[in-house]
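Each chain, letter by letter, is given below.
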Amino acid sequence: MPSHPLARPVVAVKPIAVPAPGRSLGLQVKVTAPLSGQDLPVIVFSHGNAWSLDGYGPLVDRWAAAGFVVVQPTHLDSRRNGIGWEDPRFPTIWRVRIADLHAVLDGLGDILRQAGGLEARVDRERVAVVGHSWGAQSAGAILGARVLDADGIPGEGFSHPAVSAGALIAATGTGDTLTPFAAEHLPFMRPDYSTMTTPALVVAGGKDQSQLSTRGPEWFTDAYHLSPSPKALLTIAEGEHTLGGLAGEMAAETTDEDPARVALVAGAVSAYLLDAFTLDATAWAALGEADASGDGAWTIARK
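Residues numbered from 1 in each chain as written. Predicted model: local features only at pLDDT ≥ 70, side-chain atom pairs only at ≥ 80, totals over all residues. Heavy atoms only, no water.

A. Main features of the packing of aromatic side chains. The tally for this structure, following the rule as stated, stands at 11 aromatic pairs. Seen from their ring centres, tyrosine 272 and tryptophan 284 are 5.3 Å apart, and the 80 degrees between their planes marks the pair as edge-to-face. Note that tyrosine 272 is positioned in helix α7 (residues 259-276) and tryptophan 284 in helix α8 (residues 282-292), a separation of 12 residues in sequence. One aromatic cluster is present, built from ring pairs that chain together Trp85, Phe90, Trp94, Trp134, Phe158, Phe181 and Phe188. Over the aromatic face of tryptophan 51 sits the side chain of arginine 79, whose NZ or CZ is 5.3 Å from the ring centroid. Between the NZ or CZ atom of lysine 303 and the centre of the ring of tyrosine 224, over which it lies, the distance is 5.0 Å. (Phe/Tyr/Trp six-rings, centres within 6.5 Å; stacked < 30°, edge-to-face > 60°. Helix = DSSP H or I, 4+ residues; strand = E, 2+ residues; numbered from the N terminus. Lys NZ or Arg CZ within 6 Å of the ring centre and 35° of its normal.)

So this is what it looks like as structure tokens:
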């Protein structure tokens with residue numbers, strides 16, 4: 001398969017160690033950035049279950065080529081760590097994931113210095129969090145979402161003051177329709193989006209049928225419908241959970257391989273964030289115009 005073209009050259013630095021006291025394994029990140037440019041906005045990206053800092057190249061490279069510095073931590077659930085359902089650490093991994101994102105945000109200056117002196121080229125006032133699947137729930141917590149306990153009471157807040165925008169791709173819906181397996185192993189998949197006030201783009205696939213919920217693909221739109229404005233929703237009619245192969249077009253779990261779909265997701269996220277950061281509204285406006293005159297393959301809603 002031919003590699004996708006990039007708007008400009010990018011460079012990646014890995015691994016960079018990040019202080020994370022109390023974590024059972026060390027926290028490492030990868031930083032991907034354009035070779036040139038100043039005042040670059042930042043995306044901190046949270047991967048889906050079992051992935052690592054080495055995944056999601058089709059997204060990350062495009063974002064860096066669009067002018068973002070992207071920081072990718074490897075969470076504890078990465079398959080390289082071998083922590084399965086029955087591991088005593090698994091029930092708290094959702095909290096460690098959120099702590100990972102806080103550690104990255106708190107240590108961003110040092111991370112950027114270790115990545116070839118990037119701290120002088122970054123705009124620290126324009127920082128976003130983005131995630132896919134489990135990573136979207138993790139990122140959602142940084143944007144203000146909370147987790148409901150068994151009695152439906154929201155837990156503590158995990159928002160971070162450095163973050164002013166975000167994007168949630170294939171984000172977990174509300175937890176009242178979890179399958180028995182999910183209810184047993186993933187009880188934290190009970191998000192409360194009513195407190196997620198930070199501006200965000202939600203991306204959902206119209207054919208994303210989760211094995212964790214008894215609801216249909218609309219489950220993945222809850223982050224949009226149940227959160228306060230301002231929000232936007234990109235729905236891709238034929239998209240499944242990997243939306244064309246976000247982690248890698250040829251990855252085993254890619255059930256709907258489509259590089260053009262991946263490019264759409266990558267472009268929509270970067271366009272939304274550039275608009276949210278008041279850097280460039282052109283691409284986001286163009287997407288809206290394309291939606292209005294399109295064939296329904298994808299749609300954008302706003303509130």
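B. Quick peek at the sheet that holds strand β1 (residues 10-18). Here nine strands make up an open sheet; going across it, the order is β1-β2-β4-β3-β5-β7-β9-β10-β11 and the pairing mixed. Sheet topology places β1 and β11 (298-302) at the edges, where each strand pairs with a single neighbour. On average, each strand axis in the sheet is tilted by 20 degrees relative to the strand beside it, whichever way the strands run. (Pairing = 2+ DSSP bridges. Axes fitted to C-alpha atoms, helices over the stretch in contact; angles between N-to-C directions.)

C. Structural view of the pairing of strand β4 (residues 69-73). Of all five residues in β4, five are buried; the element is thus mostly enclosed. What you see with β4 is no split at all: Val69, Val71 and Pro73 on one side and Val70 and Gln72 on the other are buried throughout. Direction of pairing for strand β2 (residues 27-34) relative to β4: antiparallel, over a ladder of four bridges. Across the sheet, valine 29 pairs through a bridge with proline 73, a residue of β4. (Buried < 20%, exposed > 50% of the residue type's maximum accessible area, 1.4 Å probe, protein only.)

D. Looking closely at the nonpolar core. Of all hydrophobic cores here, the largest spans 58 residues; its most connected members are Val31, Val42, Val69, Val71, Ile111, Val129 and Leu168. Counting residues per element, this core draws most heavily on helix α2 (residues 93-106), which supplies eight residues. Excluding residues within four positions of it along the chain, valine 71 makes contact with Val29, Lys30, Val31, Val42, Ile43, Val44, Phe45, Val104, Leu108 and Ile111. Within the second largest apolar cluster, 38 residues are counted, among which are Ile169, Val203, Leu273 and Ile300. (Core = buried A, V, L, I, M, F, W, Y, C linked by side-chain atoms within 4.5 Å. Contact = heavy atoms within 4.5 Å.)

E. Fine view of the side chain of serine 227. Residue position: serine 227 is located in the loop between α6 (222-225) and β10 (231-236). Ignoring sequence-local partners within four residues, the contact set of serine 227 consists of Tyr193, Met196, Asp222 and Lys303.

F. Spotlight on the packing of α7 against α8. Orientation of α7 relative to α8, taken along the N-to-C sense of each, is 125 degrees, at an axis distance of 7 Å. The orientation of α7 relative to α8 falls into the category oblique. In this structure, α7 meets α8 at a crossing whose hand is left-handed. Contacts from Leu264, Gly267, Ala268, Ala271, Tyr272 and Asp275 of α7 reach α8 at Ala283, Trp284 and Leu287. Of the residues belonging to the contact of α7 with α8, the class tally is seven nonpolar, one polar and one charged. (Parallel < 35°, antiparallel > 145°, perpendicular 65-115°, else oblique. Left-handed = near helix turned anticlockwise from the far one by under 90°. Nonpolar A, V, L, I, M, F, W, Y, C, P; charged D, E, K, R; others polar.)

G. Quick peek at the pattern of salt bridges. The full count for this structure, using the stated rule, is 12 salt bridges. As a salt-bridge pair, aspartate 87 and arginine 89 come within 3.0 Å of each other at their nearest N and O atoms. Overall, aspartate 87 belongs to the buried group, its relative accessible area being 18%. With relative accessibility at 30%, the residue arginine 89 sits in the partly exposed group. A salt bridge links aspartate 222 to arginine 215; the shortest N-O distance between them is 2.8 Å. Linked by salt bridges that have partners in common, Lys14, Asp54 and Arg80 make up one network. (Salt bridge = Lys/Arg side-chain N within 4 Å of Asp/Glu carboxyl O.)

H. Seen up close, the packing of helix α1 (residues 57-65) against α7. Direction vectors running N to C along α1 and α7 enclose 45 degrees, while the axes themselves pass 9 Å from each other. Comparing their axes, α7 and α1 come out oblique. The chirality of how α1 crosses α7 is right-handed. On α7, the residues touching Pro58, Leu59, Arg62 and Trp63 of α1 are Pro259, Val262, Ala263, Val265, Ala266, Val269 and Ser270. Its residues assigned to classes, the contact of α1 with α7 comprises nine nonpolar, one polar and one charged.

Geometric descriptors of this kind do not, in isolation, establish any biological role.
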